[in-house]
Amino acid sequence: MSSVYALAIVGSGPAGLAAAARAAELGLSHVLIEAEPHLSHTIHRYQKGKHVMAEPAALPLRASVPFAAGQREVILTAWDRSAAKLKIHIRHRAEVIAITGAQGRFTLKLSNGEAINAEHVVLAIGLQGNPRKLGCEGEDSGLVQYQLDDPAEYRNETIVIVGAGDAAIENALALSTQNRVTLVNRRDDFDRAREGNRDAVLKAIEQGRLRVVYNAGVASVAMTAAQRGVITLSTPQGAAPIDCQRIIARLGATPPRAFVESCGIVFPSKDPNAVPAVSDRYESNVPGLYVIGALAGFPLIKQAMNQGWEVVEFIVGRSPEPADAPLLASKFERLPGYRSVPATIAQIQSGIPVLAPLTPLQLREFLLDSALRTPRAGEVIFSRNDYSDSFFSILAGDVFIAPNPDDVSELIPLAAGQFFGEMSLISGRRRSATVLAGEGCVLIETPRRSMNKLIASVAAVKRVLDETFLTRAIQSKLAPGLSADELQEVVASASVQRFKAGEVLFKAGDVGDGLHLIRKGSVTVAQQIAGKEMVLAYVPAGQYVGEMALLTGAARSATVKAAIATETIKLEVAPFLGLLDKHPALRDQLGNTLKSRAAANASAPQSDSQQHGIVQFLMQQGLGEATDVLLIDEGLCVGCDHCEKACADTHGGISRLDRDAGASFAQLHVPTSCRHCEHPHCMKDCPPDAIRRAPNGEVFITDACIGCGNCEKNCPYGVIQMGTVSEKPPSLMSWLLFGGTEPGARAEKALVKAKQQSGKQAVKCDMCKDLSGGPACVRACPTGAAIRVSPEQFIQITQGAD
Amino acid sequence: MSQPTAHRKPSRESAHTGFMRHRGFRWAKFALLLCIACIAAYVWHEPLDGPSGGSWLGYTLGGIALALVVFLAWLGVRKRRYGSSLGTLKGWTSAHVYLGLALVLIATLHSGFQFGLNIHTLAYTLMVLVVVSGIYGIVVYAKLPQEIARLRTGSTRDAWIEELLDLNDEALKLAEPMGPDVHRKVVGSIEKVQIGGGLRRQLYGSKKQKRSLEQFSDALQQRLKALIDSAPPETFNPSATQQSTVMFMAGQLGSGDKSALDLQRLQQLLDVIGRRNALVTRINRDIALHARLQVWLLLHVPLTFALIAALIAHIVSVFFYW
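Computed from a predicted model, the values in this text were never measured in an experiment. (Residues numbered from 1 in each chain as written. Chains lettered and ligands numbered in written order. Predicted model: local features only at pLDDT ≥ 70, side-chain atom pairs only at ≥ 80, totals over all residues. Heavy atoms only, no water.)

With that out of the way, let us pick up the overall build of chain B. When helices and strands are counted, chain B shows twelve helices and zero strands. Mapped from its N terminus to its C terminus, chain B presents α and β elements in the order α-α-α-α-α-α-α-α-α-α-α-α. Split into buried and exposed, the 322 residues of chain B put 43% on the buried side. Long-range pairs, those at least 24 residues apart, make up 73% of the contacts in chain B between residues at least 6 apart in sequence. (Helix = DSSP H or I, 4+ residues; strand = E, 2+ residues; numbered from the N terminus. Buried < 20%, exposed > 50% of the residue type's maximum accessible area, 1.4 Å probe, protein only. Contact = heavy atoms within 4.5 Å.)

If you want it as structure tokens, here you go:
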């Protein structure tokens, strides 16, 4: 093809569609390239009738296509209509496999061998990646589908499912109840799948509910009639044709990173969450190649559409004020001496060194997520043991850190340009000190997720935070009173070490070569007593182990294992001893601290082997990363289910715990309920950042939830459900007098009903943070069987402490 | 090595005490004091016409007893007010138990030991029945949960039922090649398996089912024996090996022999059926234990309502004749 488009847009999601719409509106020659036969594949494959939300509500929409919160169908229809009306030039079923060239003449190679030339390219391919196809003749015929929305839709069909991963197995099992299903596996095992799925599929095969063909590939697919066809498998025994009515291929998706990198775009780090750095005009390091939407780190529909509109404006040489400007202005207005948004942004970037390496776009995003605070002098910003995890940068004035709970007059000043709060951000634990505001203090408070995004994307931010974390940890735990400069040598020699759950940090008898400061995760300390390993202590993040090595150089006295995935900072002995030589007073002080710790350990109650078994069991249940967990003493539980009823009654009719499910050991039962993890898995991938941690540690979901279900999938403990909560609990008096629904009794019915409805949101335990008196499950237990504990109390629990 | 943990919420109780020992037997102590005070008053008080409900102390004791009954019955309301922060339910249960025990003494003193065939003694009798059923409740609450935990050994009833269904399938599959009569028997046996049922069956199990499960096993055993007996005697030497007779026979008869295969299948089937029957027993035992945990409430609660009705009649009649 010889013609050169001014603009080629890859991907027709909200970002790409908005860009194409603006280009069409401006009469720019353009082409929108989409691999699927429809627009916006990710939203297209949402379930039918799904309510799509329009967060953040405060951000105005600036696009040539309409968008408002509503049903999936309404939104998709509106987009199709706009695309037709604006005469957007769309190439469907075109998959770009390579982008070469430079600004003015890019060449986009398609999978069918064609090439498209364009002066500018906008990449808006999102993060989902393309589903892997069968890679044979007929892969796009009407017989083959690459997803399954509702297995109940199909009955009495002969269905072939290709794949051996979790998705393929789950589809096969669900369909096999009312269809004849054959599973095609390229290998001879299901080892790629989760254990539960693997066991289930092997059982189904053994019982004949499911047929399986091992060591088989797909050679071709041919339609013979409407919804009838033949799939030909290539097996070691030769070609094997199978008649079928439907083929479902679940072969995973190719993550887009490799493709993006092949276009010359650089990612700032190896972190899988990293996104390419782009300028404030959304331009990548390749001039003329722009990145917008989820791929650039903006997962929300409205943001992505605004960027689509703006990027075209930038390409045609205009510089519209970004859509977020009014939002930023309203944030900045309260600042003393406020002039304009760009001036304030420049002031922030030059005034706070840790933010200097951010691109202007990253900084804008950072500030949009952040809140500006102007506390009065003496105001408490957060208190020791608060469970908040936001990060503070000091824009003006100063703050005072009070690290010593016993002596509040001991204050460490921090001046403008510095930051604090990184300890809780990294460790996931409570605040280690109280922080007070000084005169004229202006702070930028940034939520955990935005900070984590930044740490993943900007290596310099990560380095500075890590070093500061380490310096401050040493200052607060080991060497109070020493300055960062004096500690530099020790800090430089320290290394971050990572341990998997169950991995040994060091064994009893090993040479004591250093101290481990636990940065993330937790460890257990065990000793061999009478030939049996016994757990003496559980040590959470923020604390340290192996400190005796620094003073005595003796062999390790205990074995320390990671309870969950754990990161420690290992301080080497030699540089630390050098430091002690320079500061003899510190040596005495440290000696005293460690001696008193050793004495406390010795007088701590010793556990017996049964208790060790319990602690080990609890760790196996993943409670090493818990901060507060519901346990049930089976010796007291009468199975009345009051805990579940209380939960349902106080939380819109949906119980967030399942008492009977879950494992037990030595009469201690771990029901299926939220543990409020230190680093909550559910928070990992929440597009509207709706999952938060309250000051007391409760991990909860705000109303901003868009019902995407990511948290439900990410939770390894299965404690999040999708449901619709009802506002009004049934009345106790009307039940007593007239019968009808008993309070707390509707849990299951409500859930079933909710499952059929759209507009579901994720629900999980919020530890009754809004109820006085604490968690309802515990308060409603008539016998005292239900208890909530933190891991630090496990040892105590196992001793049956009163 | 861990440092002392800071307390997160001041309101949190020390973890892990049952309702009987709630807050260092707070309610037991309170109930005991109440009893001592009532006995002292009763001993000290010498009304002209002997102790009765009609003296001023009688009315006072009656008033206290009435207040206790209302408070005790209110547990049924409080336990369904899940949002209430008026104490914990554990505390309420603890108070319910100890004050309920105290009630017997206080009501007895209130009666002045005047019993007869009248509405007053009916109310008293109902109260005693309610308390006795409650004491039974305390006993089962104290004993059965541990028994259930021991029975379950970390598994759940759902997992057992799942396993039971699998064993049934396995039995059917094994029975299929063994001829229609065995197959029919297995099907019949599966149909006869009963889990739970009405209250009586939950508590005591089905005698009929037990018999039929045993009969089925016996029939299979007999068949096995017949097969073994029909084998050539010179190849059968029971003392030759510690292996199961069946496996020994199977080896002796050679793989081509149909009866050896039959024996093997039959032995497998017996194993499966045996495992399944044990599982059925365990599930029904679990159900029975759970039923026993709840069944006393079927007396305790209706009797409470009857008591309240009788109490109202008692109070109305007393004031009517006053």
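Quick look at the sheet that holds strand β11 (residues 158–162) of chain A now. Paired through backbone hydrogen bonds, the strands of a sheet run either parallel or antiparallel to each other. Residues and elements named next belong to chain A. Taken together, the five strands give an open sheet; going across it, the order is β10-β17-β11-β12-β13, and neighbouring strands pair in parallel fashion. Two strands close off the open sheet at either side, each with one partner strand: β10 (144–145) and β13 (211–213). Alignment of β10 against strand β17 (residues 246–249), held across two bridges, turns out to be parallel. Looking at the pairing, Val-144 lines up with Ile-247 of β17. Together, β11, β12 (180–184) and β17 form the strand contacts of helix α4 (residues 166–176), whose direction differs from that of β11 by roughly 165°. (Pairing = 2+ DSSP bridges. Axes fitted to C-alpha atoms, helices over the stretch in contact; angles between N-to-C directions.)

This part covers the packing of helix α2 (residues 56–73) of chain B against helix α12 (residues 297–321) of chain B. Residues and elements named next belong to chain B. The interhelical angle for the contact between α2 and α12, taken along N-to-C directions, is 150°, at an axis separation of 12 Å. Judged by the inter-axis angle, α2 sits roughly antiparallel to α12. Regarding α2 and α12, the two cross each other, and that crossing is left-handed. The segment α2 lies against α12, with Tyr-59, Leu-66, Val-69 and Ala-73 engaging Thr-304, Leu-307, Ile-308, Leu-311, Ile-315 and Val-318. Along the lines of polarity and charge, the residues of the contact of α2 with α12 split into nine nonpolar, one polar and no charged. (Parallel < 35°, antiparallel > 145°, perpendicular 65-115°, else oblique. Left-handed = near helix turned anticlockwise from the far one by under 90°. Nonpolar A, V, L, I, M, F, W, Y, C, P; charged D, E, K, R; others polar.)

Let's shift gears to the interface of chain A and chain B. In this assembly, 62 residues from chain A lie in contact with 41 residues from chain B. When chain A packs against chain B, close to 4600 Å² is buried across both sides, 51% of that on carbon and sulfur atoms. Summed over the shared surface of chain A and chain B, the number is three salt bridges. Among the ionic pairs, Asp-166 of chain B bridges to Lys-203 of chain A, the shortest N-O distance being 3.1 Å. (Buried area = accessible area lost by both parts, 1.4 Å probe. Salt bridge = Lys/Arg side-chain N within 4 Å of Asp/Glu carboxyl O.)

Residues Met-733, Leu-736, Leu-737 and Phe-738 of chain A together with Trp-74 of chain B make up a contiguous nonpolar surface patch of roughly 550 Å² in combined accessible area. The topology assignment puts Leu-736 of chain A in helix α21 (residues 732–738). (Patch = residues over 30% accessible without salt bridge, like charges linked within 9 Å, V, L, I, M, F, W, Y side chains within 5 Å. Areas by Shrake-Rupley, 256 points an atom, 1.4 Å probe, with all protein chains shown as cover.)

This part covers the sheet that holds strand β31 (residues 522–529) of chain A. All names here are of chain A. The strand order across the open sheet formed by four strands is β29-β34-β31-β32, and the pairing between neighbours is antiparallel. Of all the strands in the sheet, just β29 (504–506) and β32 (532–540) have a single pairing partner and so form its edges. Adjacent strand axes in the sheet meet at a mean angle of 30°, parallel and antiparallel pairs treated alike. The pairing of β31 with β32 spans eight bridges and is antiparallel. Bridging from a neighbouring strand, Thr-524 pairs with Tyr-538 of β32.

Inspection of the entire model under this criterion finds 17 aromatic pairs over all chains. A centroid spacing of 6.3 Å and a plane angle of 75° characterise the contact between Tyr-42 of chain B and Phe-113 of chain B, whose relative ring orientation is edge-to-face. Of this pair, Tyr-42 of chain B sits in helix α1 (residues 22–44) while Phe-113 of chain B is found in the loop between α4 (89–111) and α5 (119–152), placing the two residues 71 residues apart along the sequence. A centroid spacing of 6.4 Å and a plane angle of 70° characterise the contact between Trp-44 of chain B and Trp-56 of chain B, whose relative ring orientation is edge-to-face. With a gap of twelve residues between them, Trp-44 of chain B in helix α1 and Trp-56 of chain B in helix α2 connect regions that are remote in the sequence. Classification of Trp-44 of chain B by relative accessible area gives exposed; the value is 62%. One aromatic cluster in this structure is built from Phe-382, Phe-392 and Phe-420 of chain A. Between Arg-431 of chain A and the ring centre of Phe-382 of chain A, over which it is positioned, the NZ or CZ distance is 3.9 Å. Here Arg-556 of chain A stacks its cationic end above the ring of Phe-506 of chain A, 3.8 Å away from the centre of that ring. (Phe/Tyr/Trp six-rings, centres within 6.5 Å; stacked < 30°, edge-to-face > 60°. Lys NZ or Arg CZ within 6 Å of the ring centre and 35° of its normal.)

Residues and elements named next belong to chain B. Looking at the assigned domains, one finds that chain B contains domain 1 (17–153 + 297–320) and domain 2 (157–294). Contacts between the two partners involve eleven residues from domain 1 and, on the opposite side, eleven residues from domain 2. The tally of links from domain 1 across to domain 2 stands at two salt bridges. Across the pair Glu-147 and Arg-285 runs a salt bridge, and its minimum N-O distance is 2.4 Å. For the pair domain 1 and domain 2, the number of links is three residue pairs in polar contact (both at pLDDT 80 or more). Looking at the side of domain 1 that touches domain 2 element by element, the count peaks at nine residues for α5. Of the residues contributing to the side of domain 1 that touches domain 2, the split by class is nine nonpolar, no polar and two charged. (Domains from an automatic or database assignment. Polar contact = N/O pair within 3.5 Å; in protein donor to acceptor, adjacent residues only side chain to side chain.)

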